[in-house]
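Spelled out from the first residue to the last, the chains are:
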Amino acid sequence: MRMAHPQGRGVPAISRAKRTGWTRLGTTALAAVALVGLTLPAGAQAEPPAFSRDYAPAPGRDLGRDVLGADDGWAAEGAGTTGGAAADDARVFTVRTRAQLAAALDGGSPVPKIIYVRGTIDANTDAQGRPLSCADYATDGYTTQKYLTAYDPRTWGGQKPAGPQEEARAASAARQAERVELAVGSNTTLVGVGRDAVLKGASLQVKDASNVIVRNLELRDAYDCFPVWQPNTGGLGDWKTAYDNIWLRGANHVWVDHVTISDKGHPDAAEPTYFGRNYLRHDGLLDITNGSDLVTVSWSRFADHDKAMLIGNGDNVTTDRGKLRVTLHHNSFKGVVQRAPRVRFGQVHIYNNAYDVPAGADYRYSWGVSTESRIYAENNAFTTPGHVEAADLVKSWNGSALHQSGSEFNGYPVDLLAIHNSYNSGSERDLEPDVGWTPALHGPIDGAAKAAKDVARGAGAGRIG
């Protein structure tokens, strides 16, 4: 089994009161460990979170106190998005380790908080900060080879995996999830310090939370040690992975800005093939599902990944109607195979983004027009090698409408709606240009060529002006 970063049994987030007064693991700390249900390796010593408050912003500006500007996309609707800007001094933290980050997040509590991330934090580490591999998570006799032998379609057939090896896989996966899934609660600002703030292997879970800001961070390699085999997916079966770098579920008023998200370190293309399918280790980069609403994603980089961004999680989830209002502007999608984004139900404004398909890269489509989606796209630039046609940029699954204007393809103006309808009329129904709404919340919209240059200079972590 290929070993990647991971972690042993989880350390639950602990409240500020329970953190107070920790020293090295002695009688008092052992009592505290018992109190909060902390599990540590035999003989281990637990260190206190030891938050520091040494963040020194540039004169006149503190990114942690920044709020979303008026009219800056759907997240500016109503009261806007302020994150943890109202936090008092006791709820402002600088964190350097996974343990410190988890404690500062406080289990996803809604108390206003500002968390500055300094340096690289690896989510796949134990309570003492030691790296954890996939083997450290594996339990109950799980191994990749045993799993492959148990569920080989030639002998197992097309049934859903069940039995000892699937149970062992699920138990092993749960151990990793305890470490890498980090709950981000309402009224939180999570911001990187400087140009080199990295969250490695983490999956930020913004679930049923409101008023959240994530900025100036590189999020990389949310690596799943224990993919599950799904025999009937896509007709041939497929490997399903668990972690998005950021997953918004039932969240609202969220601003994601100047982040860089990729699989850096463990590209799926380098993984082996099992049962005739790529052994995927990563899910989405940023998924927005389960009735999430009022989201702005700006000035960010999405790179070298298969399925980048899913907005809406199912054709039959009709409760998403009237929600999933998302703005994407001034983002870079480079080396992204598909879902940039794929949309169901939502009103999604896509403007001034840059799409770059490198030579030789795998590519399927950029905009996925799915059930009841209402994408309003303006002035986006696409740069592709010769084997990618303009007709490849839009894919429809039961979609009915797409507004697009000002699109450029390799420097030339194109009407992607007309091209889609002309080239795909035999396999997909024509899309109508009227999506039933016109965006009102946005800043200046530049021409596609200028926007692409601005994105190249300014998008991503460490590039906030």
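See the structure shown above.
Just so we're clear, the structure is a prediction, and the values are computed from it rather than from any experiment.

A.B. asks: Describe in detail the overall build of the protein chain, supporting the description with residues and values.
C.D. replies: Summing up its helical and strand segments, the protein chain has nine helices and 32 strands in all. For the protein chain, the residues scored as buried account for 57% of the 465 residues in total. In the protein chain, the share of contacts with a sequence separation of at least 24, taken over all contacts with a separation of at least 6, comes to 75%. Roughly 18500 Å² of accessible area belongs to the protein chain as shown, and the carbon and sulfur atoms make up 51% of that amount.

A.B. asks: So what's going on with the sheet that holds strand 18 (residues 293-298)? Which residues, and what values?
C.D. replies: Sheets are built from strands paired through backbone hydrogen bonds, the pairs being either parallel or antiparallel. The parallel open sheet is built from 10 strands, whose spatial order is 1-2-5-8-13-18-21-24-27-30. Here the strands that pair on one side only, and so sit at the sheet edges, are strand 1 (92-95) and strand 30 (402-405). On average, each strand axis in the sheet is tilted by 10 degrees relative to the strand beside it, whichever way the strands run.

A.B. asks: Before we move on, can you summarise the environment of glycine 129 with the specific residues and values?
C.D. replies: By secondary structure assignment, the location of glycine 129 is in the loop between strand 3 (120-122) and helix 4 (134-137). The class of glycine 129 is partly exposed, set by a relative accessible area of 45%. Placed 31 residues apart in sequence, glycine 129 and arginine 98 show a C-alpha to C-alpha distance of 7.3 Å.

A.B. asks: Give me the lowdown on the environment of alanine 70, citing residues and values where you can.
C.D. replies: Relative to the helices and strands, alanine 70 resides in the loop between helix 2 (27-36) and strand 1. C-alpha of alanine 70 to C-alpha of threonine 81: the two residues are 11 residues apart in sequence and 9.3 Å apart in space.

A.B. asks: So what's going on with the state of the cysteines? Which residues, and what values?
C.D. replies: Using the criterion set out here, one finds one disulfide in the structure. One disulfide bridge connects cysteine 134 with cysteine 225, the sulfur atoms lying 2.1 Å from each other. Of note, the bridge from cysteine 134 to cysteine 225 carries an S-S torsion of about -75 degrees and is left-handed in sense. Taken together, the residues span a long stretch of sequence, with cysteine 134 in helix 4 and cysteine 225 in the loop between strand 9 (218-220) and strand 10 (228-230) at a distance of 91 residues. You'll find cysteine 134 and cysteine 225 in the same group, each marked buried.

A.B. asks: Provide a residue-level description of the pairing of strand 1, including the pertinent values.
C.D. replies: What you see with strand 1 is no split at all: Val92 and Thr94 on one side and Phe93 and Val95 on the other are buried throughout. Relative to strand 2 (residues 113-117), strand 1 is paired through four bridges, and the arrangement is parallel. Note on strand 2: the bridge partner recorded for valine 92 is isoleucine 114. Taken together, strand 1, helix 3 (residues 98-105) and strand 2 form a β-α-β motif whose crossover is right-handed.

A.B. asks: Mind laying out the packing of aromatic side chains, listing which residues take part and the relevant values?
C.D. replies: Applying the stated rule across the entire model yields 18 aromatic pairs. On the numbers, 5.0 Å between centres and 90 degrees between planes, the contact of tyrosine 151 with tryptophan 156 is edge-to-face. For tryptophan 156, a relative accessible area of 24% puts it in the partly exposed group. Clustering of aromatic rings is evident, with ring pairs tying together Tyr142, Tyr147, Tyr151, Trp156, Phe226, Trp229, Trp239, Tyr274, Phe275 and Tyr279. One residue, arginine 249, lies across the ring of tryptophan 247, its end atom 3.9 Å from the ring centre. Geometry around tryptophan 74 places arginine 325 over its ring, the cationic atom sitting 5.2 Å from the centre.

A.B. asks: Provide a residue-level description of helix 9 (residues 448-458), including the pertinent values.
C.D. replies: Each full turn of the α-helix corresponds to 3.6 residues, which orients residues three or four apart in the same direction. Burial in helix 9 covers these residues: Ala448, Ala451, Asp454, Val455 and Gly458. The buried residues of helix 9 all sit within an arc of 120 degrees when viewed along its axis, so they share a single face. More than 90 degrees from the buried face of helix 9, the exposed residues found are Lys453 and Arg457. Elements that come into contact with the buried residues of helix 9 comprise strand 19 (301-307), strand 22 (332-338), strand 25 (354-356), strand 28 (381-383) and strand 31 (408-409).

A.B. asks: Describe the pattern of salt bridges, naming the residues involved and giving the relevant values.
C.D. replies: On inspection of all chains with the given rule, the structure shows 17 salt bridges. The salt bridge involving aspartate 106 is made with arginine 91; its shortest N-O contact spans 3.7 Å. Taken together, the residues aspartate 106 in the loop between helix 3 and strand 2 and arginine 91 in the loop between helix 2 and strand 1 connect sequence positions 15 residues apart. A salt bridge links glutamate 372 to arginine 321, with the nearest nitrogen and oxygen atoms 2.7 Å apart. Taken together, the residues span a long stretch of sequence, with glutamate 372 in the loop between strand 26 (367-369) and strand 27 (374-378) and arginine 321 in the loop between strand 20 (310-311) and strand 21 (326-329) at a distance of 51 residues. You can call arginine 321 partly exposed: its relative accessible area is 47%.

A.B. asks: Please set out the pairing of strand 21 residue by residue, giving values where relevant.
C.D. replies: Side chains on a regular strand alternate between the two faces of the sheet. Alternating positions in strand 21 separate into two faces, Val326 and Leu328 on one and Thr327 and His329 on the other, with burial throughout. Relative to strand 21, strand 18 is paired through four bridges, and the arrangement is parallel. Considered in strand 21, the bridge of threonine 296 is made with threonine 327. The sheet contact formed by strand 21 and strand 24 (residues 347-351) spans four bridges and is parallel. Residue pairing across strands places valine 326 opposite valine 348, the latter belonging to strand 24.

A.B. asks: Give me the lowdown on the sheet that holds strand 19, citing residues and values where you can.
C.D. replies: Strand order across the open sheet formed by 10 strands is 3-6-9-14-19-22-25-28-31-32, with mixed pairing between neighbours. The sheet terminates laterally at strand 3 and strand 32 (412-413), the two strands that pair on one side only. Inspection of the sheet shows strand 6 (residues 198-200) paired to strand 9 by three bridges, in the parallel sense. Note on strand 9: the bridge partner recorded for lysine 200 is arginine 220.

A.B. asks: Lay out unusual backbone geometry in plain terms, naming residues and giving numbers.
C.D. replies: Leaving glycine out, the prevailing phi sign among residues is negative, and the prevailing peptide bond configuration is trans. With an omega of 0 degrees, the peptide bond between alanine 340 and proline 341 qualifies as cis. In this structure, tryptophan 299 is a non-glycine residue whose phi angle is positive, near 50 degrees. With respect to the helices and strands, the residue tryptophan 299 is situated in the loop between strand 18 and strand 19. The exposure class assigned to tryptophan 299 is partly exposed, which follows from its relative accessible area of 21%. Positive phi, close to 50 degrees, is recorded for asparagine 410, a residue that is not glycine. Mapping asparagine 410 onto the fold places it in the loop between strand 31 and strand 32.

Definitions and cut-offs
- Residues numbered from 1 in each chain as written.
- Predicted model: local features only at pLDDT ≥ 70, side-chain atom pairs only at ≥ 80, totals over all residues.
- Heavy atoms only, no water.
- Helix = DSSP H or I, 4+ residues; strand = E, 2+ residues; numbered from the N terminus.
- Buried < 20%, exposed > 50% of the residue type's maximum accessible area, 1.4 Å probe, protein only.
- Contact = heavy atoms within 4.5 Å.
- Areas by Shrake-Rupley, 256 points an atom, 1.4 Å probe, with all protein chains shown as cover.
- Pairing = 2+ DSSP bridges.
- Axes fitted to C-alpha atoms, helices over the stretch in contact; angles between N-to-C directions.
- Disulfide = S-S within 2.5 Å.
- Right-handed = clockwise from strand over helix to strand, strands pointing away.
- Phe/Tyr/Trp six-rings, centres within 6.5 Å; stacked < 30°, edge-to-face > 60°.
- Lys NZ or Arg CZ within 6 Å of the ring centre and 35° of its normal.
- Arc of directions from axis to C-beta.
- Salt bridge = Lys/Arg side-chain N within 4 Å of Asp/Glu carboxyl O.

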